[in-house]
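Working through the structure, step by step
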Amino acid sequence: MSYVGSLLALTAFTMSAKSLALIAFTALALPSLAATRLTYVMHGKNVQVIWPTSAFPLRYDVETKLAEVLPGGASAVDRAFALWALPDTVMSFQASGPSVSTIAGYDKTNGITLSDSLMRDNGFLAMTTNWYDDNGNLTEGDIQIDRAVATGGYNVEQTIAHEIGHLLGLDHSAVLSAVMYPFIGHGNTPIALDSDDRVAIASMYSRNDPALSGATLRGRVSGDNGGIFAAQVVAVSDRGEAVATGLTDNSGEFLLTGLPAGKYRLYAEPLDGPVDSQNLAGVWRQAKLISFPTSFFDGPAMQVENGRVYGNLAVSSAGTSALNPRWIGTSSGDRGDFSLSTTPISVSAGQRITIAIAGDGFTSGMTTYEILNPALRRVSDFRYASNYVYATWDVAPNADTSSAIVLVRSGNEMATLTGALKIASVSSPPRRRLSK
């Protein structure tokens with residue numbers, strides 16, 4: 001059995017405050033899942049695919065032709081694999097060296113090869129094909145990289161790291177700052193795994209007892225017709241970072257595991273774009289869009305401890321919502337021209353920057369937004385132009401490197417762009433990340 005995952009290029013567009021056209025762009029029983037893992041129906045059961053511990057160190061071969069074309073050659077592939085070799089996990093990797101005989105196809109070898117047809121025939125920048133047995137044990141993964149990644153100015157390491165996440169058993173993430181977010185822009189700045197990536201993969205391949213390596217949160221998301229299938233549940237730290245996410249099963253149940261000890265709030269949001277169920281694989285594609293309003297768990301922030309389980313966390317989200325933020329962009333100073341896209345923006349400690357949020361259901365004079373990170377402070381009024389709102393923000397000089405959530409409000413409605421900002425401390429260069 002096999003799975004094919006892909007990565008798409010992203011095209012930004014420009015909005016101006018002076019002139020702007022309005023832009024519109026039968027469930028099976030599932031286990032409760034932490035993160036978004038590749039899950040398929042096998043013999044009537046839903047099975048998550050994973051490499052057995054005996055598979056590590058996981059060997060991979062790089063095609064010579066790909067090594068010659070990629071900036072950085074085979075070293076770029078090695079660095080991308082090294083990102084996933086987290087402490088306290090069983091994961092380790094071993095390169096076999098560039099080989100002229102490496103091909104894409106089932107041959108019991110994990111190959112990374114060059115393709116000249118993915119963009120031409122399918123519009124993909126990269127694609128991963130996984131093979132697994134009836135028990136969900138992965139047996140091989142092949143990654144194909146389109147030549148356009150090397151020639152088109154896309155982030156090479158980020159592209160490869162994203163595909164390695166698929167090879168390891170992760171589906172796409174709806175967190176914009178995550179490596180597993182399914183779209184990618186341009187640039188070759190250094191990358192790192194987002195918190196959502198790290199918690200997800202560490203929960204799958206922990207060297208220790210998963211029940212003791214972090215906190216576990218259990219609960220249910222319900223709407224007008226009961227439990228909501230494939231709602232994204234987000235655990236937010238006290239500095240506004242999406243530390244871990246998961247999708248609800250067909251009964252609306254969720255399970256978040258591996259959360260570091262700390263204080264968290266929970267909210268649930270619909271998969272209504274930029275990522276929706278059609279960007280996912282396997283059983284998740286069966287989910288039908290329910291545009292419920294983003295809702296927080298009705299209670300104070302929770303202080304959680306490693307090894308503890310916190311259950312009966314009910315998130316009620318009745319009604320539907322027309323509010324749907326989709327794009328984010330920046331400009332220098334107080335200018336009203338923005339290049340907007342669905343990739344996260346990067347801001348630096350000590351910077352003053354104007355940030356615009358665009359989407360559906362925005363109302364001039366009514367729609368506002370906040371950034372759930374205390375290191376950012378709004379220093380201007382909100383301004384409007386058709387379907388977007390913008391304001392100027394100061395980033396604290398001592399801001400830590402992290403990601404942040406944008407929370408949009410319009411009347412009684414609330415919606416989010418999770419992981420829409422990347423914040424770089426003064427000691428780290430600004431970073432851009434994957435997108436889909």
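Residues numbered from 1 in each chain as written. Predicted model: local features only at pLDDT ≥ 70, side-chain atom pairs only at ≥ 80, totals over all residues. Heavy atoms only, no water.

With respect to the overall build of the chain
- A tally of helices and strands in the chain yields 6 helices and 29 strands.
- Across the 436 residues in the chain, those meeting the buried criterion constitute 59%.
- In the form shown here, the chain has an accessible surface area of approximately 16900 Å², with 48% of it arising from carbon and sulfur atoms. (Helix = DSSP H or I, 4+ residues; strand = E, 2+ residues; numbered from the N terminus. Buried < 20%, exposed > 50% of the residue type's maximum accessible area, 1.4 Å probe, protein only. Areas by Shrake-Rupley, 256 points an atom, 1.4 Å probe, with all protein chains shown as cover.)

Some remarks on the nonpolar core
- With 54 residues, the main nonpolar core has Trp84, Phe93, Leu168, Ile201 and Tyr205 as its most contacted residues.
- Per element, the largest residue contribution to this core is 6 residues, and it comes from helix α5 (residues 156–168).
- Beyond its immediate chain neighbours, meaning those up to four positions away, leucine 168 contacts Trp51, Leu58, Trp84, Met91, Phe93, Leu138, Ile201, Met204 and Tyr205.
- With 41 residues, the next largest nonpolar core counts Tyr181, Leu323, Ile355 and Trp393 among its residues. (Core = buried A, V, L, I, M, F, W, Y, C linked by side-chain atoms within 4.5 Å. Contact = heavy atoms within 4.5 Å.)

Some points on the side chain of aspartate 142
- Turning to its location among the elements, aspartate 142 is positioned in strand β9 (residues 138–146).
- Although aspartate 142 lies buried, it forms no salt bridge, and the closest oppositely charged side chain, arginine 59, sits 13 Å away as judged by the N-O distance.
- A distance of 2.8 Å separates the side chain of aspartate 142 from the backbone nitrogen of glycine 105, its partner in a polar contact.
- Here the side chain of aspartate 142 touches glycine 111 through a polar contact of 3.0 Å, landing on its backbone nitrogen.
- Those residues in contact with aspartate 142 that sit more than four places away from it in its chain are Ile103, Ala104, Gly105, Tyr106, Thr109, Asn110, Gly111, Met127, Thr128, Thr129 and Trp131. (Lys, Arg positive; Asp, Glu negative; His and termini not counted. Salt bridge = Lys/Arg side-chain N within 4 Å of Asp/Glu carboxyl O. Polar contact = N/O pair within 3.5 Å; in protein donor to acceptor, adjacent residues only side chain to side chain.)

Describing unusual backbone geometry
- With an omega of 5°, the peptide bond running from phenylalanine 56 to proline 57 counts as cis.
- Structurally, the position occupied by proline 57 is in the loop between β4 (45–48) and β5 (58–63).
- Phi at histidine 43 takes a positive value of approximately 55°, unusual for a residue other than glycine.
- A positive phi angle, near 65°, is found at aspartate 88, a position not held by glycine.
- Along the chain, the position of aspartate 88 falls in the loop between α2 (74–83) and β6 (93–99).

Re the packing of aromatic side chains
- Tallying each qualifying case throughout the model produces 14 aromatic pairs.
- For the pair phenylalanine 338 and tyrosine 388, a centre-to-centre distance of 5.6 Å together with 80° between the ring planes defines the contact as edge-to-face. In this pair, phenylalanine 338 is assigned in strand β21 (residues 337–341) and tyrosine 388 in strand β27 (residues 388–395), connecting sequence segments 50 residues apart.
- Tyrosine 388 sits in the buried class, given a relative accessible area of 1%.
- Linked through ring pairs, Phe56, Tyr60, Phe81, Phe93 and Tyr205 together constitute an aromatic cluster.
- A cation over a ring is seen here: arginine 265 above phenylalanine 296, with NZ or CZ 4.2 Å from the ring centre. (Phe/Tyr/Trp six-rings, centres within 6.5 Å; stacked < 30°, edge-to-face > 60°. Lys NZ or Arg CZ within 6 Å of the ring centre and 35° of its normal.)

Examining the pattern of salt bridges
- In total, this model carries 11 salt bridges according to the counting rule given.
- Ionic pairing is found between arginine 308 and glutamate 305, a salt bridge with its closest N-O pair at 3.8 Å.
- Look at arginine 308 and you get partly exposed, because its relative accessible area is 42%.
- Put simply, aspartate 360 and arginine 326 hold a salt bridge, and the shortest N to O gap is 3.0 Å. Highlighted residues: aspartate 360 in strand β23 (residues 352–360) and arginine 326 in strand β20 (residues 324–331), separated in sequence by 34 residues.
- One salt-bridge network, in which partners are shared between bridges, spans Arg239, Glu241 and Asp400.

Focus: the side chain of arginine 326
- Look at arginine 326 and you get buried, because its relative accessible area is 17%.
- Polar contacts involving the side chain of arginine 326 include one to the main-chain carbonyl oxygen of aspartate 272, which spans 3.4 Å.

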